[in-house]
Amino acid sequence: MKKLLNKILSTLKIIFPANKTELLIFLFFVILYGANAWFIADNFSIIYDDRIPWDGYFSFDNRAIVQTGGGFERHPLSNYFFEQIRDFALWISGNRYDSIFRLVLALFSTVVISLANVQIFKYLNNIIRLPLKISLLILGFYGLFVTNILLSFTPETYTYTLLFLSIFNYYSAKKIQEEKPISFGATIFGSIFIGGLTITNIVKVYIPFLFEKKIFWNWKKIGIAIAKITTSVVVFVFLFLLRLNFNFQNFLNKTEEQYDKFSKPKATPLWDMIYSWFFGGNILFSNYEIRDYHNKDKTFYYKALFMDVYTSFVPYIFIGIVLLLMIWSVFKNYKNKLVWILVITFLVDILIHCVLKFGLHTSYIYGGHFVFVYPLLLGWLFFSYRNKRTPLSLFYGLLLIMTVYLGVSNYYRLTEFYQFLETYYR
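Being a predicted model, the structure only gives us computed values, none of them experimental.

Thresholds, definitions, all that
Residues numbered from 1 in each chain as written. Predicted model: local features only at pLDDT ≥ 70, side-chain atom pairs only at ≥ 80, totals over all residues. Heavy atoms only, no water. Helix = DSSP H or I, 4+ residues; strand = E, 2+ residues; numbered from the N terminus. Buried < 20%, exposed > 50% of the residue type's maximum accessible area, 1.4 Å probe, protein only. Lys, Arg positive; Asp, Glu negative; His and termini not counted. Salt bridge = Lys/Arg side-chain N within 4 Å of Asp/Glu carboxyl O. Contact = heavy atoms within 4.5 Å. Axes fitted to C-alpha atoms, helices over the stretch in contact; angles between N-to-C directions. Parallel < 35°, antiparallel > 145°, perpendicular 65-115°, else oblique. Nonpolar A, V, L, I, M, F, W, Y, C, P; charged D, E, K, R; others polar. 1 Å grid on protein atoms, 1.4 Å probe; cavity = no way out; pocket = protein on both sides within 12 Å on 5 of 7 lines; lining within 4 Å. Points joined across faces, edges and corners; volume = space filled by probe spheres on them. Expected span 1.5 Å × (residues − 1). Core = buried A, V, L, I, M, F, W, Y, C linked by side-chain atoms within 4.5 Å. Phe/Tyr/Trp six-rings, centres within 6.5 Å; stacked < 30°, edge-to-face > 60°. Lys NZ or Arg CZ within 6 Å of the ring centre and 35° of its normal.

1. Points about the side chain of Asp-272
Position of Asp-272 among the secondary structure elements: in helix H13 (residues 270-279). Lacking a salt bridge, the buried Asp-272 has Arg-291 as its closest oppositely charged neighbour, with an N-O distance of 13 Å. Not counting the four nearest positions on each side in its chain, Asp-272 is found in contact with Trp-277, Val-309 and Tyr-316.

Here it is as structure tokens:
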């Protein structure tokens, strides 16, 4: 009983703030994101409007996600998850889809993204062991990313995926650093919560197994790892088939249909979609484009907001610097297994979106699947120069300037978003 209690307490310490600094960070982001979420939910209908089926802003499918969990072919178990959130929000709002309902959904997202940011701090502080001022600067930079700003008030699968991936990434890094195996329970729950919200992310739960101590030199360790992965896959598949009423052919047909729909090349050059939307759009807002949309039976017409590619050379340079810093971090830490876990995790999404081109034209919404890699690779870059004061100071100064620019630019674009809401969603 005592052993079980210790495990529960250990898990809670991983998920939630475990000390005063982490609690202050959590509260800071709750207040920062929460003020924005409250303002939008209380004054505008964009977060949940029963008339808008999809794409109200930046291609998020809020209504579909809240009502059904999204398409089963991409979000196999999310209906169970969002059913609880929807029912709770309706209970608070007195069974009405009003501003209170929207506010509950938005504040859930605020808390979730704030917790995800705490996970990044835990990794920087406890795994990389950076000085506090460097960890806080990286976290401040990351906290201003487009993905974090948008997901902090958006009820979407990406919002919760970012939290679960951040938790599992920190947990697995901790285990590998301590030279301990990833547990059966963590593997199963990771597969259900991460893969259940977006099916392609399930592979990210299994990447850390490749880096457990001497796993390829011990048949017993290989067997245990295979048993963990197999068990988690069996549980996941059973729950998935249960949702499909065991009609797997329907899943195959729908997957083919969705890939065909979301991988068609667009008029925008491929390189610019990759640079401006996949790499950049999750960090730095670009210009906006307003399009005319309507519901399925054309009884309601509405305005939808999308991101354009960058039109100034400054954002291209800014994103280029971020990417160069990340590449330099990998180069400087090429012997570090924890860095390679991050790199392979990122490569999964590069393959899906940039190579296979799935959803590339709106890849700025997919940041919840990989954006946590950015601050952690920056953290490892600082770590590699920990004993060299001059380059460390230069990197710190550069990141400070970039953080100020990011904050000012994204705030300005956010005010433009407010203007869009004021015009069309009062």
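2. A short note on the packing of H13 against helix H14 (residues 313-332)
Closest axis-to-axis distance for the H13/H14 pair is 11 Å, and the angle between their directions is 75 degrees. Classified by the angle their axes make, H13 and H14 are roughly perpendicular. Only Tyr-316, Ile-319, Gly-320 and Leu-323 of H14 make contact with H13, whose side of the interface consists of Trp-271, Asp-272, Tyr-275, Ser-276 and Phe-279. For the contact of H13 with H14, the class distribution of residues is six nonpolar, two polar and one charged.

3. Quick word on the layout of surface pockets
Any empty space left between atoms is shown by rolling a water-sized probe over those atoms. In this model, the largest pocket occupies a volume close to 1000 Å³. Lining the largest pocket we find 30 residues, and of these Thr-11, Ile-15, Ile-167, Tyr-171 and Ala-186 sit closest to its centre. Contributions of two or more residues to the lining of the largest pocket are made by helix H1 (2-15), helix H5 (99-127), helix H8 (157-177) and helix H9 (184-197). When grouped by side-chain class, the residues that make up the lining of the largest pocket number 19 nonpolar, six polar and five charged.

4. Brief notes about helix H15 (residues 337-355)
Given a rise of 1.5 Å per residue, 19 residues ought to cover 27 Å, and the 25 Å separating the end C-alpha atoms of H15 matches this to within 8%. Where H15 ends, the next residue or the one after it, Lys-357, has phi of about 65 degrees, a positive value.

5. Remarks on the pattern of salt bridges
If you walk through the whole model with that rule in mind, you get 12 salt bridges. Between Glu-22 and Lys-122 there is a salt bridge, with the nearest N and O atoms lying 2.9 Å from each other. Here Glu-22 is found in helix H2 (residues 20-43), whereas its partner Lys-122 is found in helix H5, with 100 residues between them in sequence. Of the two residues, Glu-22 and Lys-122, neither departs from the other in class, the shared state being buried.

6. Overview of empty space enclosed by the protein
Inspection of every chain in the model, using the stated rule, returns four cavities of 30 Å³ or more. One number sums up the size of the largest cavity: a volume of about 90 Å³. The residue makeup of the lining of the largest cavity, split by class, is seven nonpolar, two polar and four charged. Put simply, the second largest cavity is a space of about 70 Å³. Lining of the second largest cavity is provided by Leu-165, Phe-168, Asn-169, Ser-172, Lys-204, Pro-208, Ile-341, Thr-345 and Phe-372. Considering each element in turn, the lining of the second largest cavity owes the most residues, four residues, to H8. Partitioning the lining of the second largest cavity into residue classes produces five nonpolar, three polar and one charged.

7. Section: the nonpolar core
Formed by 142 residues in total, the largest nonpolar core has its most connected members in Phe-58, Tyr-123, Tyr-374 and Phe-417. Element by element, the count of residues in this core is highest for H5, at 15 residues. Every residue in contact with Phe-58, bar those within four places of it in the chain, is listed here: Leu-150, Phe-285, Tyr-288, Leu-305, Phe-306, Met-307, Tyr-364, Ile-365 and Phe-417.

8. Notes on the packing of aromatic side chains
The relative placement of two aromatic rings is captured by the distance of their centres and the angle of their planes. Enumeration according to the criterion identifies 54 aromatic pairs in this entry. When the ring of Tyr-48 is compared with that of Phe-101, the centres are 5.2 Å apart and the planes differ by 80 degrees; the resulting orientation is edge-to-face. With Tyr-48 in the loop between H2 and helix H3 (62-68) and Phe-101 in helix H5, this pair connects stretches of sequence that are 53 residues apart. The pair formed by Tyr-48 and Phe-101 is uniform in burial state, with each residue classed as buried. When the centroid spacing of 5.3 Å and the interplanar angle of 70 degrees are considered together, the rings of Tyr-142 and Phe-145 count as edge-to-face. For the pair formed by Tyr-142 and Phe-145, the shared burial category is buried. The structure contains a cluster of three or more aromatic residues connected by ring pairs, namely Tyr-57, Phe-58, Phe-60, Phe-153, Tyr-158, Trp-277, Phe-285, Tyr-288, Tyr-364, Tyr-366 and Phe-417. Above the face of the Phe-306 ring, Arg-291 is positioned so that its terminal group lies 4.1 Å from the ring centre. When the ring centre of Tyr-385 is taken as origin, the NZ or CZ atom of Lys-332, which lies over that ring, is 4.8 Å away.

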